[in-house]
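Here's the letter readout for the chains.
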Amino acid sequence: MLDFIQSHGMIISGAILLIAYVFIASEKIQKSVVALLGASITMLLGLIPLVGHLDTEKMTYVKGVFEHVDFEVIFLLIGMMIIVNIASRSGVFKWMAIGLLRATKGHPKTVLFALAAFTAVASAFLDNVTTVVLMMPITFVIAKEFEVDPVPFLITEVMASNIGGTATLIGDPPNIIIGTRAGLSFMDFVVELTPVIFVIFLVAIGTLVFLFRKGLKATPEKMNYIANLDNSKTITDRKLMIRSVVTLALVILGFVTHDITHISAFVFAVAGASFLLLFEKPKEIYRDVEWLTIFFFIGLFIIIGGFEANGGIKYLADQLIILTKGSLDVATMVILWASGILSGIIDNIPYTATMAPLIEELVNPANPNAITGNNQALWWALSLGACLGGNLTIIGAAANVLVSETAASKGHKISFIRFMKYGILVTMISLVLSSFYLYFKYLQG
């Protein structure tokens, strides 16, 4: 039995991932339960070592189960949830929401576009998860004032977050991996990707605003009322507001200065949360942490880790490379579209980590089969595909999962199918525009 599992590990781990995906999509069982059950089966079958060790035959290090769990993401989530929860008690997010409503004169479509634009810009400099954690309290307040469903706002924001995060080196984890491997700087990403991301944002978000237009209506009386909301008494605890805003600003400053300090983002998030907890009743704050989301991520990391440990992701990547047959044009488009589709299903971090060394070998001048021409197109194709593909499904990116779980806890369920209905459209728009950009910039002639 053990020999059978070891010899068919990739197929079995792939089946577990596929079955878990089907159950998550069907929503018959809560997502965190599906993820933890899949993780348990992965470990019980020995598809992933419980403890890391050195494989003396292959002379490679084999990661243990918890080394596949990205605890940086887990602690970043917990830290930011705590900070935002404490800050919201001061009324600061309601103050920001009302300020935005007043600035946009109470026009629902303008408000939605403004929220999306703010989210996209913030996501270019902050982790996407951090951005949506900050935006959700504002969004719920705005939806309540308009007396409309917050789901269209949340879907638009999370997709804007994934689009905006593609524009810079620090906006999305895959870009950090790519930048390190390809020797690309912060400004390389800004110069090469910001123009096309700006166009993708306008078209994709404009499309969403159009699709959601029927639910974005307000009477002239309602708009006039919202445009003149009294914001003078929104802050209920000024000392808490000052303390939490200063802490949040310092945490964000820590994120932005990572290249200088080399301190991971989760360290700043946990430090900020710990400081604010000194002035609160911790038990009350911990109760409001979205633990279902946390356990979903832990389980999903282990399932994907099992697939990765058994060579599944590398096998898929190798098949993509075989399809290219040495053609820069074909390689660029295959990497872009395959990355976009796979990243909507499989976490884009291990996928990018697997693809990056393969692309590095493809463009290596010492390699007799190296792809010639302006092969930087391959790196940009990987970046655009891996980051933008996160909009495809509700589990395509960490920010998507967080938003869906938080919305459900507040009585506004975002079903897998409902999200994917818009996700497919936005992802197709993004990949088509990226294809045109890469073709005319790098492949033409």
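Sequence order as written defines the numbering, with residues in each chain counted from 1. Reporting of local features is limited, given that this is a predicted model, to residues whose pLDDT is at least 70; pairs of side-chain atoms are given and counted only at 80 or more, and all residues count toward the totals for whole chains, interfaces and linings. Side-chain measures were taken over the full set of non-hydrogen atoms in the model, leaving aside hydrogen atoms and water.

Undergrad: When you look at the packing of aromatic side chains in this model, what are you seeing that I'm missing?
TA: The description of two aromatic rings rests on the distance between their centres and on the angle between their planes. Between the rings of Phe, Tyr and Trp (Trp by its six-membered ring), a pair exists once the centres lie within 6.5 Å; its type follows the angle of the planes, with under 30 degrees stacked, over 60 edge-to-face, and the other angles tilted. Following the criterion strictly, the structure yields twelve aromatic pairs and no others. For the pair phenylalanine 212 and tyrosine 422, a centre-to-centre distance of 4.7 Å together with 50 degrees between the ring planes defines the contact as tilted. Within this pair, whereas phenylalanine 212 is found in the loop between helix 10 (186-211) and helix 11 (220-227), its partner tyrosine 422 is found in helix 22 (residues 416-443), the two being separated by 210 residues in sequence. The same class applies to phenylalanine 212 and to tyrosine 422, which are both buried. In this structure an aromatic cluster arises from ring pairing among Phe66, Phe71, Phe75 and Phe266. Only lysine NZ and arginine CZ atoms are considered, and such an atom sits over a ring when it is within 6 Å of the ring centre and within 35 degrees of the ring normal. When the ring centre of phenylalanine 140 is taken as reference, the NZ or CZ atom of lysine 410 above it lies at 5.5 Å. To qualify as a helix, a DSSP run of H or I must reach at least 4 residues; to qualify as a strand, a run of E must reach at least 2; elements of each kind are numbered from the N terminus. Burial classes: relative accessible area under 20% of the type maximum marks a residue as buried, over 50% as exposed, and values in between as partly exposed (1.4 Å probe, protein chains only).

Undergrad: How should the confidence of the model for the protein be read in this particular structure?
TA: Reading fine detail from the predicted coordinates is not recommended where pLDDT is low. Note: pLDDT gives the predictor's confidence per residue, expressed from 0 to 100. For the protein, mean pLDDT is 86; residues scoring 70 or higher make up 97% of the total. Mean pLDDT across the elements of the protein ranges from a minimum in strand 1 (residues 53-55), with 74, to a maximum in helix 8 (residues 151-164), with 95.

Undergrad: What should I look at first to understand the environment of alanine 407 in this one?
TA: By secondary structure assignment, the location of alanine 407 is in helix 21 (residues 398-409). A C-alpha to C-alpha distance of 24 Å links alanine 407 and isoleucine 252, two positions 155 residues apart in sequence. The residues contacting alanine 407, other than those within four sequence positions of it, are Phe140, Leu154, His412, Lys413 and Ile414. It only takes one pair of heavy atoms within 4.5 Å for two residues to be counted as in contact.

Undergrad: Just to check I follow, could you spell out the pattern of salt bridges for this structure?
TA: Two side chains with opposite charge may pair up if their charged atoms get near one another. Here, a salt bridge means any side-chain nitrogen of Lys or Arg that lies within 4 Å of a carboxyl oxygen of Asp or Glu. As enumerated under the stated definition, the model contains six salt bridges in all. Of the charged contacts in the structure, one is a salt bridge between aspartate 288 and arginine 89, with a shortest N-O distance of 3.6 Å. Here aspartate 288 is found in the loop between helix 15 (282-287) and helix 16 (291-309), whereas its partner arginine 89 is found in the loop between helix 4 (71-88) and helix 5 (92-103), with 199 residues between them in sequence. Residues aspartate 149 and arginine 418 are paired through a salt bridge, measuring 3.4 Å at the closest nitrogen-oxygen approach. Of this pair, aspartate 149 sits in the loop between helix 7 (128-146) and helix 8 while arginine 418 is found in helix 22, placing the two residues 269 residues apart along the sequence. One network of salt bridges, in which partners are shared, links Arg89, Glu284 and Asp288.

Undergrad: What's the story with the nonpolar core in this structure? I'm lost.
TA: The tendency in soluble globular proteins is for nonpolar side chains to be buried side by side. Take the buried Ala, Val, Leu, Ile, Met, Phe, Trp, Tyr and Cys residues and link them wherever side-chain atoms come within 4.5 Å; each set so joined is a nonpolar core. Core analysis: the biggest nonpolar cluster contains 141 residues, and Met80, Ile142, Ile197, Met355 and Ile414 have the highest contact counts within it. Setting aside anything within four residues of it in sequence, one finds methionine 80 in contact with Thr130, Val133, Leu134, Leu248, Val251, Phe255 and Ala269.

Undergrad: Even after reading the chapter, I still don't get unusual backbone geometry, so can you show me in this structure?
TA: Working note: non-glycine residues mostly have negative phi, and peptide bonds are mostly trans. Located in the positive-phi region is lysine 105, a residue other than glycine, with phi close to 60 degrees. Position of lysine 105 among the secondary structure elements: in the loop between helix 5 and helix 6 (108-125). For histidine 262, which is not glycine, the phi torsion reads 60 degrees and is therefore positive. Residue histidine 262 is classed as exposed on the basis of its relative accessible area of 61%.

Undergrad: When you look at the packing of helix 4 against helix 14 (residues 265-277) in this model, what are you seeing that I'm missing?
TA: To describe two helices that pack against each other, one gives the angle between their axes and the distance between the axes. Inter-axis angles, ranging from 0 to 180 degrees, are taken between N-to-C directions of lines fitted to C-alpha atoms, where helices are fitted over the stretch in contact. Following both chains from N to C, one finds helix 4 and helix 14 inclined at 35 degrees, their axes separated by 8 Å at the closest point. Our pair here, helix 4 against helix 14, has a crossing hand that is left-handed. Residue-level inspection shows Glu72, Phe75, Leu76, Gly79, Met80, Ile82, Ile83 and Ile86 of helix 4 in contact with helix 14, the latter providing Ala265, Phe266, Ala269, Val270, Gly272, Ala273, Leu276 and Leu277. For a crossing to be left-handed, the near helix must be turned anticlockwise from the far one by less than a right angle; the clockwise case is right-handed.

Undergrad: How do you make sense of helix 10 when you look at a structure like this?
TA: One turn of the α-helix equals 3.6 residues, which is why residues spaced by three or four share an orientation. Under the convention used throughout, the expected extent of a helix is 1.5 Å for every residue step, that is, one less than its residue count. The terminal C-alpha atoms of helix 10 lie 35 Å apart, and with 26 residues this matches the ideal 38 Å at 1.5 Å per residue to within 8%. The angle between axes fitted to the seven residues ending at a residue and the seven residues starting there is what we call the bend at that residue. Leucine 193 marks where helix 10 bends most, by close to 45 degrees; the proline proline 195 follows one to four residues later. Three or more residues of helix 10 are buried, namely Phe189, Glu192, Leu193, Val196, Ile197, Ile200, Phe201, Ala204, Ile205, Leu208 and Val209. For helix 10, the secondary structure elements touched by its buried residues are helix 6, helix 8, helix 9 (173-182), helix 20 (376-388) and helix 22.

Undergrad: Would you take a moment to explain the side chain of threonine 352 for this structure?
TA: Summarising the element assignment, threonine 352 is placed in helix 19 (residues 348-362). Beyond its immediate stretch of four places on either side in the chain, threonine 352 contacts Pro174, Ile177, Ile178, Leu382 and Ala386.

Undergrad: So what exactly am I meant to see when it comes to the packing of helix 16 against helix 21 here?
TA: At a minimum axis distance of 9 Å, the contact between helix 16 and helix 21 shows a crossing angle of 145 degrees. Crossing of helix 16 over helix 21 shows right-handed handedness. Packed against helix 16, whose contacting residues are Leu292, Thr293, Phe296 and Phe297, the element helix 21 presents Ala398, Val401, Leu402 and Glu405 at the interface. Its residues placed into classes, the contact of helix 16 with helix 21 shows six nonpolar, one polar and one charged. All residues other than Ala, Val, Leu, Ile, Met, Phe, Trp, Tyr, Cys, Pro, Asp, Glu, Lys and Arg, Gly among them, are scored as polar; the first ten of these are nonpolar and the last four charged.

Undergrad: It is not clear to me how a nonpolar patch on the surface should be interpreted in this structure. Could you clarify?
TA: Like charges are joined within 9 Å and nonpolar side chains (Val, Leu, Ile, Met, Phe, Trp, Tyr) within 5 Å, but only among residues with over 30% relative accessible area and no salt bridge; these make up the patches. All accessibility values rest on the Shrake-Rupley procedure with a 1.4 Å probe; residue burial counts only the protein chains present in the view. A contiguous nonpolar patch, built from Phe113, Phe198, Val199, Leu202 and Val203 and spanning about 400 Å² of accessible area, is present on the exposed surface. With four residues, helix 10 is the single largest residue contributor to the nonpolar patch. As for its position among the elements, phenylalanine 113 is in helix 6.

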